[in-house]
Amino acid sequence: MNDLSRVPQDFRAALAHLRRARYRDGIELTEIPAPAHLAPYAVAVRAEVRRPAGLPAGPALVADPAAALAPTGPAGSAGAEDELATGRFVLLHDPAEPPAWGGAFRVVTWARAAVEREIGCDDMAGEIVWTWLLEALERHRAGYSREGGTASRVLAEGFGVLGDQVEGADVELRASWTPDGPDVEPHLAAWADTVCTFAGLPPYPPGVTVLHPRR
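Not measured: the values here are computed from a predicted model. (Residues numbered from 1 in each chain as written. Predicted model: local features only at pLDDT ≥ 70, side-chain atom pairs only at ≥ 80, totals over all residues. Heavy atoms only, no water.)

Student: Help me understand the packing of aromatic side chains, please; the structure alone is not making it clear to me.
Tutor: The geometry of an aromatic ring pair is captured by the separation of the ring centres together with the interplanar angle, meaning the angle of the planes. In the structure shown here, the tally under the stated rule is two aromatic pairs. Residues Phe11 and Tyr41 carry aromatic rings whose centres are separated by 5.8 Å and whose planes lie at 35° to one another, so their mutual orientation is tilted. Of this pair, Phe11 sits in helix H1 (residues 9-20) while Tyr41 sits in strand S2 (residues 41-50), and the two are 30 residues apart along the sequence. Under the relative-accessibility criterion, Phe11 is labelled buried at 0%. Between Phe89 and Trp191 the ring centres are 5.6 Å apart and the planes differ by 50°, which places this aromatic pair in the tilted class. Of this pair, Phe89 sits in strand S4 (residues 83-93) while Trp191 sits in helix H4 (residues 185-199), and the two are 102 residues apart along the sequence. (Phe/Tyr/Trp six-rings, centres within 6.5 Å; stacked < 30°, edge-to-face > 60°. Helix = DSSP H or I, 4+ residues; strand = E, 2+ residues; numbered from the N terminus. Buried < 20%, exposed > 50% of the residue type's maximum accessible area, 1.4 Å probe, protein only.)

This is the structure in structure tokens:
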């Protein structure tokens with residue numbers, strides 16, 4: 001948008017709040033082109049969490065000791081295997097306030113992390129990551145309404161020349177909600193926290209238990 005005079009004041013305020021957002025160490029946020037077909041105004045951010053030096057592979061995070069999510073991959077590996085989690089945060093603005101939104105703004109997010117296959121088969125995996133998001137929003141006092149989301153698990157199994165690869169899985173969370181107003185700074189911070197927790201990156205938020213990797 002080259003002519004900012006045509007951009008609604010509320011959206012300009014929201015952009016200023018996003019740029020002031022403080023988020024925890026260990027996550028890299030980059031502004032990317034926003035989808036043009038979802039709303040008259042939009043801004044998008046990509047997140048990447050990579051394995052810090054010295055962090056062992058396979059720590060399991062649980063909201064309840066009965067279930068766990070853990071990023072996998074050999075410690076010290078390079079490239080894609082160093083990526084613990086990735087995601088996107090999109091802020092939409094429509095001054096017409098679509099009835100489905102219940103407001104002029106809508107946050108749409110996506111996050112994915114690699115997990116052990118047995119964790120990917122756990123029926124509670126989706127509920128756990130959804131709970132992490134809601135707890136992060138509450139922790140950052142990000143007012144919201146009309147929240148919704150879906151979690152999916154994709155299992156990977158190699159065959160032929162790829163038959164010796166370690167079996168694994170991906171867990172994805174797609175979520176959206178309506179922020180209370182243009183102050184979206186706590187919403188971006190909460191989502192960044194969620195992606196870091198998704199990746200198993202310390203320091204861990206209060207209430208999250210860390211289990212040692214299985215031997």
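So that's the structure; there's more coming.
Student: Got a minute to help me understand the layout of surface pockets in this structure?
Tutor: One way to see where empty space is left: roll a probe the size of a water molecule over the atoms. Estimates place the volume of the second largest pocket at around 180 Å³. Residue lining of the second largest pocket: Leu15, Leu18, Arg19, Ala21, Tyr23, Leu29, Thr30, Glu31, Val43, Val45 and Leu188, and that is the complete set. Secondary-structure elements contributing two or more residues to the lining of the second largest pocket are H1, strand S1 (27-32) and S2. For the lining of the second largest pocket, the class distribution of residues is eight nonpolar, one polar and two charged. (1 Å grid on protein atoms, 1.4 Å probe; cavity = no way out; pocket = protein on both sides within 12 Å on 5 of 7 lines; lining within 4 Å. Points joined across faces, edges and corners; volume = space filled by probe spheres on them. Nonpolar A, V, L, I, M, F, W, Y, C, P; charged D, E, K, R; others polar.)

Student: Would you mind going over the environment of His187 with me for this structure?
Tutor: Relative to the helices and strands, His187 is located in helix H4. Using a relative accessible area of 2% as the deciding quantity, one classes His187 as buried. Look past the residues within four positions of His187 in its chain and what remains in contact with it is Phe89, Leu137, Ala142, Gly143, Tyr144, Trp177 and Pro179. Within the local environment of His187, its side chain forms a polar contact with the side chain of Trp177, the two groups lying 2.9 Å apart. (Contact = heavy atoms within 4.5 Å. Polar contact = N/O pair within 3.5 Å; in protein donor to acceptor, adjacent residues only side chain to side chain.)

Student: I would appreciate a short explanation of helix H3 (residues 125-139) in the present structure.
Tutor: Each α-helix turn comprises 3.6 residues. Residues three or four places apart therefore point the same way. For H3, with 15 residues, the first-to-last C-alpha span of 21 Å sits near the 21 Å given by 1.5 Å per residue. Of all the residues in H3, the buried ones are Ala125, Gly126, Ile128, Val129, Trp132, Leu133, Ala136 and Leu137. (Expected span 1.5 Å × (residues − 1).)

Student: I keep staring at the pattern of salt bridges and nothing clicks. Help me out?
Tutor: Applying the stated criterion across every chain yields a total of two salt bridges. Arg139 is paired through a salt bridge with Asp193; the nearest N and O atoms lie 3.7 Å apart. One end of the pair, Arg139, is in helix H3; the other, Asp193, is in helix H4, and 54 residues separate them in sequence. With a shortest N-O distance of 3.7 Å, Glu172 and Arg174 are connected by a salt bridge. Overall, Glu172 belongs to the buried group, its relative accessible area being 14%. (Salt bridge = Lys/Arg side-chain N within 4 Å of Asp/Glu carboxyl O.)

Student: Help me understand the environment of Arg50 in this model?
Tutor: Along the polypeptide, Arg50 turns up in strand S2. A relative accessible area of 39% places Arg50 in the partly exposed class.

Student: What is the right way to look at the side chain of Ser176 in this model?
Tutor: With respect to the secondary-structure elements, Ser176 resides in strand S7 (residues 168-179). Of note is the side chain of Ser176, whose polar atom sits 2.9 Å from the side chain of Arg106. When near neighbours in sequence (up to four residues on either side) are disregarded, Ser176 contacts Arg106, Val107, Val108, Arg146, Glu147 and Gly148.

Student: I would appreciate a short explanation of the nonpolar core in the present structure.
Tutor: Within soluble globular proteins, side chains that are nonpolar tend to cluster in buried spots. Ranked by size, the top nonpolar core spans 45 residues in total, and within it Ile27, Val49, Phe89, Leu91 and Trp177 carry the most contacts. Going through the elements one at a time, H1, S1, S2, S4, strand S5 (105-116), H3, S7 and H4 are the ones with two or more residues in this core. Looking at this core, the element that brings in the most residues is H4, giving eight residues. Ala39, Ala44, Val90 and Leu92 belong to the second-largest nonpolar core, a separate cluster that totals six residues. (Core = buried A, V, L, I, M, F, W, Y, C linked by side-chain atoms within 4.5 Å.)

Student: Explain the environment of Gly103 here, please?
Tutor: With respect to the helices and strands, Gly103 occurs in the loop between S4 and S5. Residue Gly103 is classed as buried on the basis of its relative accessible area of 11%. Taking the C-alpha atoms as reference, Gly103 lies 6.7 Å from Thr178; in sequence the two are 75 residues apart. Apart from residues no more than four positions distant in its own chain, Gly103 is found in contact with Glu97, Pro98 and Thr178.

Student: So what exactly am I meant to see when it comes to the packing of H3 against H4 here?
Tutor: What describes two packed helices is the angle between their axes and the distance between those same axes. With their axes 8 Å apart at the nearest point, H3 and H4 run at an angle of 145° to one another. Where H3 crosses over H4, the handedness of that crossing is right-handed. Only His187, Ala190, Asp193, Thr194, Thr197 and Phe198 of H4 make contact with H3, whose side of the interface consists of Val129, Trp132, Leu133, Ala136, Leu137 and Arg139. Tallied by class, the residues present in the contact of H3 with H4 amount to seven nonpolar, three polar and two charged. (Axes fitted to C-alpha atoms, helices over the stretch in contact; angles between N-to-C directions. Left-handed = near helix turned anticlockwise from the far one by under 90°.)

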